[in-house]
Amino acid sequence: RRIRKRTSEVESNIMPAEIIDGKAVAAQVNAETAAEVLELKEKYGTVPALAVVLVGDDPASQVYVSRKAKMCAELGIRSEKIILPRETEQSELMDVIRRLNADDSIHGILVQSPPPPQIDETAVILGIDPKKDVDGVHPANLGAVVQGSSTLAPCTAQAVFALVQAAGVP
């Protein structure tokens, strides 16, 4: 009896399903982003730039990186693709990250996951300047998310939040 009562309580609190038009939400977000990029260019002469680093030749990762470059072009963002051989050592990758951290013309850094087995992904994440961590996975950024003060939250979480907002869910 208790199980039946509890089940009916849960069922009474379930909201009806709603289909969210993800493509429309993405188009809106992209239009807003393109407008912000244009404003940065016009007001400050700044062209935002994303560096994407890929270690290896994983076909799915190559497609993902290419899509990022294409989207950057559509939004007016400069992108720099850095493709390193699968055999790249940790120290070589960290040198690339240090160079990108020091480059004032690069505003965001993304290292494509998963890396080959010889690469310590945690060290890579820690090596990226938190201000340039576009994935929002550096511990400083994740801590800020938990405190509710982050501007660089993980992109998947931001996408889900945009979809929930579009659906009007509080």
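Provided above is the structure to which this section pertains.
Okay, so let's go over this structure. Just so it is clear, the model here is predicted, and its values are computed rather than measured.

## Brief notes about the sheet that holds strand 3 (residues 108-111)
- Read from one edge of the open sheet, 3 strands run 2-1-3, paired in parallel fashion. Because the sheet does not close on itself, it has two edges, and the strands there are strand 2 (78-84) and strand 3. Geometrically, the sheet is characterised by an average inter-axis angle of 15 degrees between neighbouring strands, direction not taken into account.
- As paired elements, strand 1 (residues 49-55) and strand 3 share 4 bridges and run parallel to each other. When the bridges of strand 3 are listed, V53 appears paired with V111.

## Re unusual backbone geometry
- Here the residue pair S113 and P114 is connected by a cis peptide bond, since its omega of -5 degrees sits within 30 degrees of zero.
- Within the secondary structure, P114 is located in the loop between strand 3 and helix 5 (121-127).

## Points about the layout of surface pockets
- Estimated volume of the largest pocket: approximately 1,900 Å³.
- In this structure, the largest pocket is lined by 39 residues; those nearest its centre are V29, T33, L75, C155 and Q158.
- For the lining of the largest pocket, the secondary-structure elements that each account for two or more residues are helix 2 (22-44), strand 1, helix 3 (59-75), strand 3 and helix 7 (155-166).
- Here the lining of the largest pocket takes 10 residues from helix 2, the largest share from any one element.
- The residue makeup of the lining of the largest pocket, split by class, is 22 nonpolar, 10 polar and 7 charged.
- There is about 230 Å³ of room inside the second largest pocket.
- As for the second largest pocket, its lining consists of 18 residues, and the residues nearest its centre are V111, Q112, S113, E121 and D135.

## Quick look at helix 2
- End to end, helix 2 covers 32 Å across 23 residues, agreeing with the expected 33 Å (1.5 Å per residue, within 8%).
- Where helix 2 starts, the residue carrying a side-chain oxygen 3.3 Å from the main-chain nitrogen of K23 turns out to be D21.
- Looking one or two residues beyond helix 2, the residue adopting positive phi is G45, at roughly 70 degrees.

## Here we look at helix 7
- Along its 12 residues, helix 7 runs 16 Å from first to last C-alpha, staying within 8% of the 16 Å computed at 1.5 Å per residue.
- Phi for G168, located one or two positions after helix 7, is positive at around 75 degrees.

## Concerning a nonpolar patch on the surface
- Taken together, the side chains of V160, V164 and V169 make up a nonpolar region of the molecular surface, amounting to roughly 190 Å² of accessible area.
- Its location among the elements puts V164 in helix 7.
- Overall, the relative accessible area of 31% leaves V164 in the partly exposed class.

The rules we used
Residues numbered from 1 in each chain as written. Predicted model: local features only at pLDDT ≥ 70, side-chain atom pairs only at ≥ 80, totals over all residues. Heavy atoms only, no water. Pairing = 2+ DSSP bridges. Helix = DSSP H or I, 4+ residues; strand = E, 2+ residues; numbered from the N terminus. Axes fitted to C-alpha atoms, helices over the stretch in contact; angles between N-to-C directions. 1 Å grid on protein atoms, 1.4 Å probe; cavity = no way out; pocket = protein on both sides within 12 Å on 5 of 7 lines; lining within 4 Å. Points joined across faces, edges and corners; volume = space filled by probe spheres on them. Nonpolar A, V, L, I, M, F, W, Y, C, P; charged D, E, K, R; others polar. Expected span 1.5 Å × (residues − 1). Polar contact = N/O pair within 3.5 Å; in protein donor to acceptor, adjacent residues only side chain to side chain. Patch = residues over 30% accessible without salt bridge, like charges linked within 9 Å, V, L, I, M, F, W, Y side chains within 5 Å. Areas by Shrake-Rupley, 256 points an atom, 1.4 Å probe, with all protein chains shown as cover. Salt bridge = Lys/Arg side-chain N within 4 Å of Asp/Glu carboxyl O. Buried < 20%, exposed > 50% of the residue type's maximum accessible area, 1.4 Å probe, protein only.

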